[in-house]
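What the coordinates show
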Protein chains: 2
Amino acid sequence: MAIARGYAATDASKPLTPFTFDRREPRDDDVVIDIKYCGVCHSDIHQARNEWGNSTFPMVPGHEIVGIVRAVGSRVTRFKLGDRVGVGCFVDSCTTCASRDLDLEQYLPGLVPTYNGFESDGQTPTQGGYSDHIVVKEGYVLSIPENLPLNAAAPLLCAGITLYSPLRHWKAGPGKKVAIVGMGGLGHMGVKFAHAMGAEVTVLSQSLSKKEDGLKLGADHYYATNDPETFTALAGRFDLIICTVAAEIDWNAYLTLLKVDGDFVLVGIPENPVPVHAFSLVPARRSISGSMIGSIKETQEMLDFCGEHGIVSEIETIGIDEINGAFERVIKSDVRYRFVIDMASIKA
Amino acid sequence: MAIARGYAATDASKPLTPFTFDRREPRDDDVVIDIKYCGVCHSDIHQARNEWGNSTFPMVPGHEIVGIVRAVGSRVTRFKLGDRVGVGCFVDSCTTCASRDLDLEQYLPGLVPTYNGFESDGQTPTQGGYSDHIVVKEGYVLSIPENLPLNAAAPLLCAGITLYSPLRHWKAGPGKKVAIVGMGGLGHMGVKFAHAMGAEVTVLSQSLSKKEDGLKLGADHYYATNDPETFTALAGRFDLIICTVAAEIDWNAYLTLLKVDGDFVLVGIPENPVPVHAFSLVPARRSISGSMIGSIKETQEMLDFCGEHGIVSEIETIGIDEINGAFERVIKSDVRYRFVIDMASIKA
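Owing to the predicted nature of the structure, the values given are computational and were not obtained by experimental measurement.

**Observations concerning the overall build of chain A**
Of the regular secondary structure elements, chain A holds eleven helices and 18 strands. Its C-alpha atoms give chain A a radius of gyration of 20 Å, near enough to 20 Å, the size a compact globule of 348 residues would have. Dimensions of chain A, computed from C-alpha atoms along their principal axes, come out at roughly 60 × 40 × 35 Å. Looking at chain A as a whole, 59% of its 348 residues are labelled buried. Taking the contacts inside chain A whose residues are at least 6 apart along the sequence as the reference set, 66% of them involve residues at least 24 apart.

**Considering the interface of chain A and chain B**
Facing the 33 residues of chain A at the interface are 33 residues of chain B. Carbon and sulfur atoms make up 68% of the surface buried where chain A meets chain B, a total of about 2900 Å² over both sides. At the surface where chain A touches chain B, the tally comes to zero salt bridges. Applying the counting rule to chain A against chain B returns eleven residue pairs in polar contact (both at pLDDT 80 or more). Elements represented by at least two residues in the side of chain A that touches chain B include exactly helix 4 (159-169), strand 14 (258-266), strand 15 (274-276), helix 9 (278-281) and strand 16 (287-290) of chain A. A total of four residues in the side of chain A that touches chain B trace back to one element, the largest contributor, which is strand 16 of chain A. In terms of residue class, the side of chain A that touches chain B is built from 20 nonpolar, nine polar and four charged. As defined by bridge partners, strand 16 of chain A adjoins strand 16 (residues 287-290) of chain B across three bridges and the pair is classed as antiparallel. Looking at the pairing, Ser289 of chain A lines up with Ser287 of chain B of strand 16 of chain B.

**Quick notes on the relation of the copies chain A and chain B**
Relative to chain B, chain A is turned by 180° and slid 0.0 Å along the rotation axis, the superposed coordinates differing by an RMSD of 0.0 Å. What the rotation and shift describe, once combined, is the action of a two-fold rotation axis. Distance from the rotation axis, computed per C-alpha, reaches its smallest value in chain A at Pro275 of chain A: 2.1 Å. By residue overlap, the copies meet face to face through one surface: 100% of the interface positions of chain A are interface positions in chain B.

**Here we look at the nonpolar core**
Formed by 91 residues in total, the largest nonpolar core has its most connected members in Tyr130, Leu156, Leu167, Phe193 and Ile323 of chain B. Both domain 1 (2-158 + 313-345) and domain 2 (159-290) of chain B contribute no fewer than three residues apiece to this core. With 89 residues, the next largest nonpolar core counts Leu150, Ala159, Leu240 and Ile293 of chain A among its residues.

**A few points about the domain arrangement of chain A**
All names here are of chain A. Segmenting chain A into domains produces domain 1 (2-158 + 313-345) and domain 2 (159-290). Computed from C-alpha atoms alone, the centre-to-centre distance between domain 1 and domain 2 is 28 Å. Contact with domain 1, which involves eleven residues of that partner, is made by 16 residues of domain 2. Summing both partners gives a buried area of about 1100 Å² for domain 1 against domain 2, and 48% of it is carried by carbon and sulfur. Contact with domain 2 buries area across many residues of domain 1, yet Cys158, Arg336 and Tyr337 alone supply 47% of it, more than any other trio. For the pair domain 1 and domain 2, the interface holds two salt bridges. For the salt bridge of Glu314 with Lys192, the shortest nitrogen-to-oxygen distance reads 2.6 Å. In the side of domain 1 that touches domain 2, the residues fall into five nonpolar, two polar and four charged.

Calculation rules
Residues numbered from 1 in each chain as written. Chains lettered and ligands numbered in written order. Predicted model: local features only at pLDDT ≥ 70, side-chain atom pairs only at ≥ 80, totals over all residues. Heavy atoms only, no water. Helix = DSSP H or I, 4+ residues; strand = E, 2+ residues; numbered from the N terminus. Rg over C-alpha atoms; globule rule 2.2 N^0.38 Å. Buried < 20%, exposed > 50% of the residue type's maximum accessible area, 1.4 Å probe, protein only. Contact = heavy atoms within 4.5 Å. Buried area = accessible area lost by both parts, 1.4 Å probe. Salt bridge = Lys/Arg side-chain N within 4 Å of Asp/Glu carboxyl O. Polar contact = N/O pair within 3.5 Å; in protein donor to acceptor, adjacent residues only side chain to side chain. Nonpolar A, V, L, I, M, F, W, Y, C, P; charged D, E, K, R; others polar. Pairing = 2+ DSSP bridges. Least-squares fit on C-alpha atoms with pLDDT ≥ 70 in both. Core = buried A, V, L, I, M, F, W, Y, C linked by side-chain atoms within 4.5 Å. Domains from an automatic or database assignment.

In structure tokens:
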């Protein structure tokens with residue numbers, strides 16, 4: 001065992017506080033990673049506060065992890081000391097059934113989340129990236145391209161793949177009109193990816209306050225959804241809408257912005273059911289779908305794509321002692337566009 | 001002008017009564033059809049009673065029309081006197097935009113419905129198939145294969161294509177597990193088509209009362225949805241679920257029956273919004289979609305498929321003076337499985 005230092009939620013109502021815990025001795029297929037940076041995802045807050053009702057405590061959040069390989073097990077072949085690596089939302093999965101072959105392991109019941117879950121032994125709690133190191137099976141470790149700064153690459157591991165995967169699956173590319181709903185940690189990655197894939201990109205944001213950023217990051221158009229004219233002007237416009245917001249919005253109004261055969265894809269999890277009227281779907285063969293992160297294979301593909309296109313997240317770097325204030329600012333959407341914790345700030 | 005005899009709703013609260021009206025003189029691209037049979041669709045009732053709020057009166061319903069060509073205009077090339085033909089849910093459409101080239105004209109705003117609409121002049125009301133003849137542009141007339149009985153072929157023009165199109169679009173076929181929700185006028189056609197396409201077919205019906213019919217028509221499995229065990233037994237089972245019912249059902253329970261990447265397709269129009277929880281979609285990349293009839297090209301393809309496979313609807317034939325009683329029985333789902341009006345019953 002090795003002692004890890006991090007920050008944990010000890011119950012749903014308390015702020016995160018310094019916490020030490022054990023990491024397992026590396027097995028022969030494990031990689032030991034010195035964590036350099038960890039992104040702050042809204043789902044860290046949902047889970048630290050037990051807003052999804054499935055939390056176990058104490059909980060060290062964090063699944064946008066980047067760092068440097070400190071040690072490798074004897075059977076590890078793809079990584080060596082000093083490599084720049086990342087870990088995303090899961091650290092193990094079912095390896096037996098057909099969906100694994102399809103590289104869709106993120107949708108399988110055997111998934112082991114990076115934190116707030118249990119190892120495949122069903123007993124050992126997993127702990128995340130708000131900590132100084134982590135021990136992960138080689139098959140769940142990603143390579144970070146050399147040209148990407150480590151801190152700004154961290155959010156690619158969740159925010160990045162969450163947008164990249166549906167954009168690929170629903171074929172964003174040249175000739176396609178893609179809208180990104182929400183210009184936050186997820187949304188701004190969607191703008192960068194959809195633009196790099198060659199699609200015509202429109203941001204649908206509550207107001208125009210981030211318009212300048214949106215256009216700079218690659219959007220061709222930027223509309224305020226608090227202006228009813230937007231829904232008239234854009235009726236039937238889009239092949240694909242990726243919705244990154246979990247707030248209560250007028251879903252059926254957004255569905256009317258889709259062309260025939262258009263897809264509306266949820267990547268956020270609205271708390272209440274989405275009331276979809278059949279008349280919003282049937283007369284234009286539209287679909288509403290959901291998508292969740294990506295497979296390990298697709299996450300590596302995304303990171304390589306980021307390397308080729310020089311894509312990283314827009315970030316604000318914080319010390320780990322600032323995490324509770326950062327949570328409050330994330331809730332208020334007061335971050336441009338993702339907090340990343342510099343793990344050098346963990347006190348010895 | 002020629003006088004047509006039919007049955008019409010004169011307002012939303014009255015039963016259908018005998019009605020005479022004018023049909024236009026055939027233009028050079030028109031086909032004049034002696035109507036032999038017309039199917040009774042649930043949407044006839046919705047519209048005759050103005051349940052969708054868009055009805056104009058007097059209204060002659062009926063869009064599952066089959067008959068024999070009585071006359072053709074000078075430029076008509078594909079039909080001649082005596083041909084067996086059909087007319088479905090629309091009799092004209094926008095011919096200029098891109099979607100027409102994609103054979104998706106059923107989803108375009110320029111669609112002219114067979115009844116309860118206006119010709120492309122925007123003024124002349126269209127009147128449907130509960131009548132002795134109809135005059136239709138050649139491009140919207142379908143050929144009925146010689147081996148199909150005319151009366152049982154009538155429901156193919158709406159009920160048939162409504163199921164055929166989504167089964168084709170979402171690729172029902174060998175190796176695919178398809179569920180049909182509802183064993184009525186639409187559902188029983190879905191069973192026949194999905195079976196003929198080579199899929200493994202399951203009927204999800206409220207009770208087992210029509211199980212024997214379902215298995216006879218091609219279902220491999222038949223489950224009662226009033227048994228909660230059904231939802232446990234079939235969790236994650238299906239690639240595709242086609243939902244033909246418009247009643248309030250537990251939508252999210254049905255969504256859990258889909259595999260990863262599965263599609264749930266609405267072909268009925270539930271009155272209230274469908275409350276879809278993001279957790280029913282996101283963790284398995286599922287979709288909920290809608291589909292509406294099919295293009296003229298696809299409708300002919302469907303009819304040819306029916307000819308090859310000997311597929312027609314299961315029907316009860318009625319005289320037109322029985323139509324109001326038939327409406328009541330359709331509402332009670334008391335028909336196996338589609339009423340078809342024999343137009344020989346129209347009094348001269």
